[in-house]
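Coordinate analysis (summary)
Spelled out, the chains give:
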Amino acid sequence: MPLSLLKLLLVEDSPHDAELTLLTLENSGLKIDATLAYNHQDVERELAQHFDLILSDYLLPGSSGPEVLNCALRLAPQTPFIFLSGIFGEQHAVEMMRMGAVDYVLKQNLKMLPKAVVRAVSEVREREKRRRAEATLQDAEVRAHLAIDAADMGVWTYDPATDTLLWDERCKTLYGLPVDAQVSMDFMFACCHPDDRDLLQSKVAAAL
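Just so it is clear, the structure is predicted and the values come from calculations on it, not from any experiment. (Residues numbered from 1 in each chain as written. Predicted model: local features only at pLDDT ≥ 70, side-chain atom pairs only at ≥ 80, totals over all residues. Heavy atoms only, no water.)

What to know about the overall build of the protein chain
Regarding its fold elements, the protein chain presents 8 helices and 9 strands. Its C-alpha radius of gyration of 29 Å places the protein chain more than 25% over the 17 Å reference for a compact globule of 208 residues. In the protein chain, buried positions account for 36% of the 208 residues. Sequence separation of at least 24 residues holds for 56% of the intrachain contacts in the protein chain that already meet a minimum separation of 6. (Helix = DSSP H or I, 4+ residues; strand = E, 2+ residues; numbered from the N terminus. Rg over C-alpha atoms; globule rule 2.2 N^0.38 Å. Buried < 20%, exposed > 50% of the residue type's maximum accessible area, 1.4 Å probe, protein only. Contact = heavy atoms within 4.5 Å.)

Have a look at this one:
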């Protein structure tokens, strides 16, 4: 998926490696707004602002990749974290990802970095999109319940697979039924005003 400008926190002590990393990302078509940090102390200070991604070397003078990761998990747990390292070792990479990194890319295989960045950022944005959609749905459900309560209406549900009709407590109260009363579609149609019965039956049939 296309990504807009990415705010990147790049943790790298080598200016040459930092330049090569940014060049690789930009040559892939990504637009990067990069902030450079050198150790976990810098990261702690920079994370006062929002970033879309944290990309960190593993070996850092006076610091370490795990220290940077721990700092990021504490201050920006929703921000994806990728290690970019010259250290190879499957078990080592697995351990870092168990700690909370979303990916581990070798500097010797830098061409894989843009794909890893796009995947990591896209997954976070998709989760945020789903979260907003769920929040909107919950808000709509609350508003619907408030409207139903204000109108003193009842709610019914029909399951065609089992031919089961369910009325809520208010719906039964409106029809003078006890809470534990059993109802059916035929009963509901029979309770409907004769002038409205055909319309209700046609609407139910259309929905089914």
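Remarks on the sheet that holds strand β7 (residues 103-106)
Strand order in the open sheet made by the 5 strands is β2-β1-β3-β6-β7, with parallel pairing throughout. Each having just a single partner strand, β2 (32-37) and β7 make up the two edges of the open sheet. The mean inter-strand angle of the sheet, taken between neighbouring strand axes irrespective of direction, is 25°. The sheet strands contacting helix α4 (residues 90-99) are β6 (81-85) and β7, and the helix crosses β7 at an angle near 145°. (Pairing = 2+ DSSP bridges. Axes fitted to C-alpha atoms, helices over the stretch in contact; angles between N-to-C directions.)

Details of the state of the cysteines
What the rule picks out here adds up to 0 disulfides. Between Cys192, a free cysteine, and Cys191, which holds the nearest cysteine sulfur, the sulfur-to-sulfur gap is 8.8 Å. (Disulfide = S-S within 2.5 Å.)

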